[in-house]
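# Chains, contacts and geometry: an overview
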Amino acid sequence: MDFDVSSDWHVAAPYGFLRTLRHEHPVFHSEHLGAYVLSRYSDVRGAYADPRRFSSKGSLTISRSLTEETRARLGEHGSFLSSFVANVDPPDHTRLRRSVSRAFTPRAVANLERQFRELNERLLDRVEPQGKAEFVAELGHEPSVKLTARFIGVPEEDEAFVQARVKDWFQLFLSPQPPERQLELADSFLTYLAYVDRLVAARRDDPRDDFVTLMTGSELSHREVVELISTILLGGNDTVPNQLGNSVLRLLREGVWPVPGDRLAGAVEECMRIDGASLGSFRYATEDIELHGVTIPRGSLVLLSTDSAAHDETVFPEPERFVIDRPNADAHLVFGYGIHFCVGAALGRLQLRTALEVLGDRLPGLRLVEQPVVYRTSLVGRALAALPVEWA
Ligand code: HEM
């Protein structure tokens, strides 16, 4: 048995398989992923906490499936995110992280709550009279996409363009694509990079109160700023809505809707634990690493399976059961751990709580429309392809 990214169970129901790994092969070599997989909570956290031996440098550059022609088309941009904060080690990481953190102060994040609530209310003003919706396309994404765009400083008229490009970009580098499709996606990605480049240049000449402006005044190079903005758009546009979709599905299936206000924070953590939008992070072994009797050779790719860690029965008793007030639910590693811990975690949590609160107030009769649930094919993300819902 091995991982199989192309089959449904990889994202929808990997837990039987992950349990076997934790019990029998805590250091598993996956032919399919071309990586060693760590699946026990303590090993996953331990590896995140040890960036010297488990390096992030180039870990997001999973472009082995790209054809020669696609590589040629991408040119210098074929080295995916070579200076993105999650893709580098100290001392580069320390410098980049310092600049980025300046934008995510608790005050700055708290200030976004009102805007985010308004964006959700406005969307529901439009969609509520329909009585039904496809949650992913019609309800899940828009508020987060708009909030992130404002935070970054993307003009409203460019939001749709940016969203489409970000999706293409993600597909190109993180899920295997047929050669023809690769070329289309590569062109889309290059258009996108050129756009961000122009945005950065514009803010240099005409500063505003936004993230782009803040970064142009920082110690970062032009390329670093471009990559950072691109990836923050991705973080905001994709992972939060994906986590929201997973959470709504879970809460409706468990019959906990609407979630009472005093249970929201706990519900968000337990939803993240049990149906995390991020399945794990890749690292490279910088030396031979001995673990549980297996040697991970120097230079190997290693997957830290946070999805498995979140279902580790030694930390979370009865891991497949949804417990809305599970005392340690927030010990999940879905935002990572250590020096690369998600810089947007507070913003992500704030959005999830607020969206669930507004949706619960406005659509207390929300229910699933019976259909098999389909996930997007992906190596490292859990996201519903669609979620039809209706309300009275
Ligand atoms: C539920 C939503 C989110 C999830 C599940 C998530 C997950 C993660 C994970 C697992 C990491 C660690 C990567 C690693 O160690 O290799 C990470 C890092 C990061 N995230 Fe998030 N994220 C979310 C939301 C956001 C948001 C809203 C933003 C920005 C607006 C963001 C920006 C970042 C950045 C910039 C990093 C890199 C930090 C570093 O390397 O020091 N994320 N995220």
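Predicted model only: the values in this text are computed from it and were never measured.

### What to know about the coordination of the iron atom of the ligand
Looking at the iron atom of the ligand, one finds just one donor atom contributed by the protein, Cys-342 (SG), at 2.3 Å. You can see Cys-342 is positioned in the loop between helix 14 (306-309) and helix 15 (345-362).

### Remarks on the nonpolar core
Counting residues in hydrophobic clusters, the biggest one holds 103 residues, and the most contacted among them are Leu-139, Ile-152, Phe-211, Leu-228, Ile-229, Val-248 and Leu-251. If you look at the next biggest cluster of nonpolar residues, it comprises 16 residues, including Leu-38, Phe-54, Leu-304 and Phe-316.

### Brief notes about the site of the ligand
The environment of the ligand is made up of 24 residues, and the closest members are His-93, Arg-97, Arg-283, His-340 and Cys-342. In this structure, Ala-86 approaches the ligand through a main-chain N or O atom, which is 3.4 Å from an oxygen atom. For the shell around the ligand, the elements supplying multiple residues, two or more each, are helix 5 (92-101), helix 12 (222-254) and strand 5 (281-285). When residues in the shell around the ligand are grouped by element, the largest group, four residues, is from helix 12. Along the lines of polarity and charge, the residues of the shell around the ligand split into 14 nonpolar, eight polar and two charged.

### Section: the pattern of salt bridges
Per the stated rule, a full pass over the model turns up 30 salt bridges. One salt bridge in this structure joins Asp-125 and Arg-362, with 2.8 Å as the shortest N-O distance. Taken together, the residues span a long stretch of sequence, with Asp-125 in helix 6 (residues 106-127) and Arg-362 in helix 15 at a distance of 237 residues. In this structure, Glu-318 engages Arg-321 in a salt bridge whose closest nitrogen and oxygen atoms are separated by 3.2 Å. Three or more residues joined by partner-sharing salt bridges are found here, namely Glu-121, Asp-125, Glu-128 and Arg-362.

About the criteria used
- Residues numbered from 1 in each chain as written.
- Predicted model: local features only at pLDDT ≥ 70, side-chain atom pairs only at ≥ 80, totals over all residues.
- Heavy atoms only, no water.
- Donors = N, O, S within 2.8 Å, 3.2 Å for Na, K, Ca; no water.
- Helix = DSSP H or I, 4+ residues; strand = E, 2+ residues; numbered from the N terminus.
- Core = buried A, V, L, I, M, F, W, Y, C linked by side-chain atoms within 4.5 Å.
- Buried < 20%, exposed > 50% of the residue type's maximum accessible area, 1.4 Å probe, protein only.
- Near = heavy atom within 4 Å.
- Polar contact = N/O pair within 3.5 Å; in protein donor to acceptor, adjacent residues only side chain to side chain.
- Nonpolar A, V, L, I, M, F, W, Y, C, P; charged D, E, K, R; others polar.
- Salt bridge = Lys/Arg side-chain N within 4 Å of Asp/Glu carboxyl O.

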